[in-house]
Amino acid sequence: MKWCGLRYVLTGEELAHLRNHKYDCRGKGVIEKQVDRFAREVLVPRLPTTLAPNVITLAGFLVHLAAALLVILNDHGSFSYRVPNWTCGLYIGSLVLYGVLDSADGAQARRTGSSSPLGELFDHGFDAITMSLVLASLCSLFRYSYFSVRLVLLMLGGNLVFFCAHWSSYVVGYLRFGSVDAVEGQYAVCVLFLLNMLLGFDFFWFELPTPVFVETFLQRRIETADIIFLVACIIGVVIITKTCAEVCFRHGCATFAGQSALAPLYQVILCVALAASNYLLVAYFIFDFLPQFILITLAMPFIKITWMVLMCYMGKGVVPRLDSGCLPPLLLTCWFLLMRGMGGTHTTVIGRDSILPSSTTVFNSLAVFSVLDFAYFALSNIWLISRHLGVPVLSIAPSAAGPAYSPLVNPV
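Residues numbered from 1 in each chain as written. Predicted model: local features only at pLDDT ≥ 70, side-chain atom pairs only at ≥ 80, totals over all residues. Heavy atoms only, no water.

Describing the overall build of the protein chain
To be explicit about the condition: To qualify as a helix, a DSSP run of H or I must reach at least 4 residues; to qualify as a strand, a run of E must reach at least 2; elements of each kind are numbered from the N terminus. Only protein chains enter the area calculation, which uses a 1.4 Å probe; residues under 20% of their type maximum are buried, those over 50% are exposed, and those in between are partly exposed. Contacts are assigned to residue pairs with any non-hydrogen atoms lying within 4.5 Å of each other. Computed with a 1.4 Å probe, the accessible areas rest on the Shrake-Rupley method; for each residue, only the protein chains presented here act as cover.
Each helix and strand counted, the protein chain has 14 helices and four strands in total. Per-residue burial over the protein chain gives 51% buried out of 412 residues. The contacts of the protein chain with a sequence gap of at least 6 include a subset with a gap of at least 24, amounting to 81%. Counting every atom, the protein chain has about 18,600 Å² of accessible surface; 69% of that belongs to carbon and sulfur.

See below:
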């Protein structure tokens, strides 16, 4: 990728490789197979052939975005906050619908003969954004905004696991899914929201029988939420460790296209370091700026680097080592250090009871910059790919005449 007009875009050589790119996905999850079958045999045959696959992807994303924002923006960082049952129901419905439409877009593309690398970028690119929304919604469900260290660990771990899936494809040259993967994780989140509706939030904080030495160490008993968090951490550590070991030892730190497999790690390590430093500086006073803090440090940098890895995988390019997506968390760190250096304390700078106007301005400005920086990068490359391939973004090219569609002959 090359730096042009204050953002990275694909080079001419990468666009040429992208034109010849073929979608290659191996393996499917247990639940994903059933969702794909429903979308392919029940939903897609009932859709008009004039409906573009990218419109299906975008519709599912927007529905889930609205439901997720309803959960996240109502979280005020208090231990007394509980996600209402009607909100849980809406969120479950939006996530299930997103999963079904995410499967339907590919079947619709094959049905209409409009499959393209742009559609793959749309599909998996919006999956990266959805992953951050799912994680943030899960944090609100468990009140992890109150236990801020868990919020940071869950957001970082979840985004790193999703990054590893596409980093692996960048190295080996195809997407791989296990028997339990992203779709199964989505439905696990749906189950947790359903349990909140049926059993009440207290179910997650039910005290379990605890060994004496553990109770002495924690100064409390183990609760249901602790077990869920521990299982999520173990799964995350296993996936990240397995991916790193495979890239470094089995593939010799080189991609299938002969590029350096470690190039994406420079940005990832910097983003993790900045997220950790910001958390340590802001400590337990992030409640008043929770959505902004998540956007600046825990979501947008990882979403952007995942998009870069995805585009470089399809275009056989080199992932940039630094990017403007790292700038907002870096500026936030500098601002915290400046306030500390001027003699400010957490309470006077970003306390809950005395919020300086400069704090609100800085958080809001950097959050807006993070979103606009990613939007400029994503839209620029989508337009560039669309123009190069001659493929409309939200419609089907008149010349696209797909083969006769049969849900049994053209499996996903």
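Past the structure itself, the notes keep going.
A word on a nonpolar patch on the surface
Rules: For patch detection, residues must exceed 30% relative accessible area and be free of salt bridges, and they are connected within 9 Å for like charges or within 5 Å for nonpolar side chains (Val, Leu, Ile, Met, Phe, Trp, Tyr). One side-chain nitrogen of Lys or Arg within 4 Å of one carboxyl oxygen of Asp or Glu is enough to make a salt bridge.
On the surface, a nonpolar cluster with roughly 380 Å² of combined accessible area is contributed by L194, L198, L199 and F203. One can find L198 in helix α7 (residues 182-199). Owing to a relative accessible area of 62%, L198 belongs among the exposed residues under this scheme.

Quick word on the nonpolar core
Soluble globular proteins tend to bury their nonpolar side chains together. Rule in force here: Definition of nonpolar core: a set of buried residues of the types Ala, Val, Leu, Ile, Met, Phe, Trp, Tyr and Cys, connected through side-chain atoms within 4.5 Å.
Judged by nonpolar contacts, the single largest core of 101 residues is most densely connected at Y91, L151, L298, W307 and I385. Per-element tally for this core: the top contributor is helix α11 (residues 290-315), with 18 residues. Grouped together as the second largest cluster of nonpolar side chains are seven residues, A39, V44, L47 and A107 included.

Examining the environment of M308
Inspection of the secondary structure assignment puts M308 in helix α11. Looking at M308, the relative accessible area reads 0%, which means it is buried. Along the backbone, M308 and H166 are 142 residues apart, and their C-alpha atoms lie at a distance of 9.9 Å. Contact partners of M308, with chain neighbours within four places excluded, come to M1, Y8, Q267, V319, P320, D323 and F377.

Overview of the packing of aromatic side chains
Applicable threshold: Working definition: a ring pair exists when centres of Phe, Tyr or Trp rings (six-membered ring for Trp) sit within 6.5 Å. Plane angles under 30 degrees give stacked, over 60 give edge-to-face, the rest tilted. Here, a charge over a ring means that NZ of Lys or CZ of Arg falls within 6 Å of the ring centre while also lying within 35 degrees of the ring normal.
The final tally for this structure, using the stated rule, is ten aromatic pairs. Aromatic pair W3 and Y8: ring centres 5.1 Å apart, planes at 75 degrees, arrangement edge-to-face. A relative accessible area of 15% places Y8 in the buried class. Both rings, one in W335 and one in F363, keep their centres 6.4 Å apart while their planes meet at 80 degrees; by these two values the pair is edge-to-face. With a gap of 28 residues between them, W335 in helix α12 (residues 327-341) and F363 in helix α14 (residues 357-389) connect regions that are remote in the sequence. The exposure class assigned to W335 is buried, which follows from its relative accessible area of 10%. Connected via pairs of aromatic rings, a cluster forms that spans F61, F122, F126, W307 and F374. Taking NZ or CZ as reference, R150 lies 5.4 Å from the ring centre of F229, over its face.

A look at α7
The test is simple: By definition here, a helix of n residues has an expected span of 1.5 Å times n minus one.
Relative to the 26 Å expected for 18 residues at 1.5 Å per residue, α7 spans 26 Å between its end C-alpha atoms, a close match to the ideal helical length. Regarding α7, the residues found buried are V183, E184, Q186, V189, C190, L192, F193 and N196. Remark: G200 follows α7 within two positions and exhibits a positive phi of approximately 85 degrees.

A few points about the confidence of the model for the protein chain
Inclusion rule: pLDDT expresses how confident the predictor is about each individual residue, on a scale running from 0 to 100.
Averaged over every residue, the pLDDT of the protein chain is 82; residues scoring 70 or more account for 88%. In the predicted structure, residues 401-412 sits below a pLDDT of 50 and forms 24 contacts with residues beyond four places in sequence or in another chain.

What to know about the packing of helix α6 (residues 148-172) against helix α9 (residues 224-250)
As a reminder, the rule being used: An axis is simply a line fitted to the C-alpha atoms; with a helix, the fit covers only the stretch in contact. Between two such axes, the angle follows the N-to-C directions and lies from 0 to 180 degrees. Throughout, the term roughly parallel applies to angles under 35 degrees, roughly antiparallel to angles over 145, roughly perpendicular to angles from 65 to 115, and oblique to all others. A crossing counts as left-handed when the near helix is turned anticlockwise from the far one by less than a right angle, and as right-handed when that turn is clockwise. Residues are grouped as follows: Ala, Val, Leu, Ile, Met, Phe, Trp, Tyr, Cys and Pro are nonpolar; Asp, Glu, Lys and Arg are charged; every other residue, Gly included, is polar.
It is the contact of α6 with α9, at a shortest axis distance of 9 Å, that shows an interaxial angle of 30 degrees. Here α6 is positioned roughly parallel relative to α9, judged by the angle of their axes. The interaxial crossing formed by α6 with α9 has left-handed handedness. Two secondary-structure elements touch here, α6 through R150, L153, L154, G157, L160, V161, C164, W167, S168 and V171 and α9 through A225, D226, F229, A232, G236, I239, I240, T243, C244, E246 and V247. Partitioning the contact of α6 with α9 into residue classes produces 14 nonpolar, four polar and three charged.

Some words on the pattern of salt bridges
Note on pairing: side chains with opposite charge can pair once their charged atoms come close. Summed over all chains, the structure comprises six salt bridges. Two residues, R40 and E41, come together in a salt bridge whose shortest N-O distance is 4.0 Å. Residue R40 is classed as buried on the basis of its relative accessible area of 11%. Within the structure, one salt-bridge network assembled from shared partners comprises R37, R40 and E41.

Here's the deal with the environment of L160
As for its placement among the helices and strands, L160 is situated in helix α6. Taking the C-alpha atoms as reference points, L160 and F302, 142 residues apart in sequence, are found 7.7 Å from one another.

Brief notes about helix α4 (residues 85-112)
With 28 residues, α4 extends 40 Å between its outermost C-alpha atoms, agreeing within 8% with the 40 Å of an ideal straight helix rising 1.5 Å per residue. G113 sits one or two residues past α4 and shows a positive phi near 65 degrees.

Details of the side chain of D102
Within the element layout of this structure, D102 appears in helix α4. Not counting residues up to four positions away in its chain, the partners in contact with D102 are D123 and D127.

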